[in-house]
Amino acid sequence: MTATVIDGKAFAAKVRAQVTEHVARLKADHGITPGLAVVLVGEDPASQVYVRSKGKQTVEAGMKSVEHKLSADTSEADLLQVVADLNADPTIHGILVQLPLPTHLNEDLVINAIDPAKDVDGFHISNVGLLATGQKSMVPCTPLGCLMLLRDHLGSLSGKDAVVIGRSNIVGKPMAQLLLGDSCTVTIAHSRTKDLPDVVRRADIVVAAVGRPQMVPGDWIKPGAMVVDVGINRIDAGVKEDGSPRTRLVGDVDFDSVAKVAGAVTPVPGGVGPMTIACLLANTLTACCRANGLEAPEGLTA
Ligand code: NDP
């Protein structure tokens, strides 16, 4: 193996420690405690795990954590009322509505009902526009986490060729905007891209956000490139001793072959994943600082 394996878990712990320190200072100097509200509709098991983990890490960082658990048949009007109440609550600086929502609820409508200043997921159309025009915004957590890992390992990204595979609103597009903001030459690839291996081979930076297990092999990678694997895919991994199926998590990148060629690669698990919640905490702190007319801490925003 030649690549440096990026320890996202350790870096996320560093980000959380920085957030915790700033939160303590906010309390001591200004008597302010940042507050994050997470709204969960229904009982999707994966969402429940995420929400529990978000709540736990919010409290560990010294912030106020509020959870609103609503039944799967909650009406749009009731959900919008919960959002409106949180918008009006001065002790809440960040609001996150856990996606996906049950199908009878209009996700765009609900997300755009959140006060953009409290939109710590960065999905509100105002924040999307602010990011696209290079203005101060709330930045989606996963791409922000990827950017932090890239800057930490590479220093300046200016002039680098970057290829983002995937054009979703939550990862691919904001990732491309952030790389452009750091003066990369950015290509966004997707399912209709022709000659994807050749496109990826040009890149100094590859961000894979596709949702296809181990799709990107080592022979697509330019030697020395940095590869950031956003994908989280559960695949079969034989059977357990008791005969039940065994599964394991893999990314969108074929780690073993990529690690032989790349300069650096993020593993799955333990790469981008832990950065997402760390950046949610960082965004909540940023939102709280801005709401109180204070500078957001350096290094925790784009
Ligand atoms: P989406 O399904 O919304 O988007 C996937 C993108 O990949 C689409 O733009 C699609 O193209 C593109 N794509 C699909 N097949 C191909 C292909 N064969 N070649 C090139 N591009 C292709 O996924 P998300 O962006 O929401 O998530 C991507 C992955 O990241 C998932 O594995 C998800 O679990 C993971 N994830 C991880 C997070 C973390 O915290 N680490 C957070 C969020 C997501 P097209 O638009 O043409 O259909």
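Along each chain, the written sequence defines residue order, and numbers are assigned to residues from 1. Owing to the predicted nature of the model, reporting of local features is limited to residues with pLDDT of at least 70; listing and counting of side-chain atom pairs is limited to 80 or more, with chain, interface and lining totals taken over all residues. Calculation of side-chain values draws on the structure's entire complement of heavy atoms; hydrogens and water are dropped beforehand.

Enquirer: Teacher, can you tell me more about the environment of Leu 99 here?
Expert: Its location among the elements puts Leu 99 in the loop between strand S4 (94-97) and helix H4 (107-111). Using a 1.4 Å probe on the protein chains alone, a residue whose accessible area is under 20% of its type maximum counts as buried, one over 50% counts as exposed, and one in between counts as partly exposed. Given a relative accessible area of 25%, Leu 99 falls into the partly exposed group. Not counting residues up to four positions away in its chain, the partners in contact with Leu 99 are Ser 47, Glu 107, Ile 111 and Phe 123. Runs of H or I in DSSP of at least four residues are treated as helices and runs of E of at least two as strands, each being numbered from the N terminus. Here, residues are in contact when the closest pair of their heavy atoms is within 4.5 Å.

Enquirer: Is there a simple way to explain the site of the ligand in this structure?
Expert: Any residue with a non-hydrogen atom lying within 4 Å of a molecule or strand is treated as near it. As a matter of local geometry, the ligand sits amid 22 residues, with Arg 167, Ser 168, Ser 191, Ile 232 and Thr 276 nearest to it. The term polar contact refers here to a pair of N or O atoms within 3.5 Å; inside protein, the definition further demands a hydrogen-donor-capable atom paired with an acceptor-capable atom, and it admits residues adjacent in sequence only when both atoms are side-chain atoms. Ser 168 is positioned with one of its side-chain polar atoms (N or O) 2.5 Å from an oxygen atom of the ligand. Each accessible area value is a Shrake-Rupley result obtained with a 1.4 Å probe; residue values ignore everything except the protein chains displayed when judging cover. Summarising the interface, the protein chains cover 70% of the accessible area of the ligand, which totals 920 Å² for the free molecule.

Enquirer: Sorry if this is basic, but what is going on with the packing of helix H1 (residues 8-30) against helix H10 (residues 273-291) here?
Expert: Axes are the key here: two packed helices are described by the angle between their axes and the distance separating the axes. Across the interface, H1 lies against H10 with an axial gap of 8 Å and an inter-helix angle of 20°. When the axis of H1 is compared with that of H10, the two are roughly parallel. H10 is crossed by H1, and the crossing has left-handed handedness. Within the contact between the two elements, H1 uses Gly 8, Lys 9, Phe 11, Ala 12, Val 15, Arg 16, Val 19, His 22, Val 23 and Leu 26 and H10 uses Pro 274, Met 275, Ala 278, Leu 281, Ala 282, Leu 285, Cys 288 and Cys 289. Grouping the amino acids of the contact of H1 with H10 by side-chain chemistry returns 14 nonpolar, two polar and two charged. Only C-alpha atoms enter the line fits that serve as axes; for helices the fit covers just the stretch in contact. Angles between N-to-C directions range over 0 to 180 degrees. For classification, angles of less than 35 degrees are called roughly parallel, those exceeding 145 degrees roughly antiparallel, those between 65 and 115 degrees roughly perpendicular, and all remaining angles oblique. Put simply, a crossing is left-handed when the front helix is turned counterclockwise from the back one by less than a right angle, and right-handed when it is turned clockwise. Residue type decides the class: Asp, Glu, Lys and Arg count as charged, Ala, Val, Leu, Ile, Met, Phe, Trp, Tyr, Cys and Pro as nonpolar, and the leftover types, Gly among them, as polar.

Enquirer: So what exactly am I meant to see when it comes to the domain arrangement of the protein here?
Expert: Where interface size is given, it is often the accessible area lost as the parts come together that is meant. The domain limits used here are those given by an automatic or database domain assignment. Structurally, the protein comprises domain 1 (30-116) and domain 2 (141-275). Inter-centroid distance (C-alpha atoms) of domain 1 to domain 2 is 28 Å.

Enquirer: Teacher, can you tell me more about unusual backbone geometry here?
Expert: Trans peptide bonds make up most of the peptide bonds, and negative phi angles are found at most residues other than glycine. Residues Leu 99 and Pro 100 are joined by a peptide bond in cis, for which omega reads 0°. The peptide bond linking Val 268 to Pro 269 adopts the cis configuration, its omega dihedral lying at 0°. Tracing the backbone shows Pro 269 in the loop between strand S11 (264-265) and H10. Located in the positive-phi region is Asp 195, a residue other than glycine, with phi close to 50°. For Asp 195, the position within the fold is in the loop between strand S6 (185-189) and helix H8 (196-201). For Asp 195, a relative accessible area of 55% corresponds to the exposed category. One non-glycine residue, Gln 214, adopts positive backbone phi at about 55°. Looking at the element boundaries, Gln 214 is found in the loop between strand S7 (205-208) and strand S8 (226-229).

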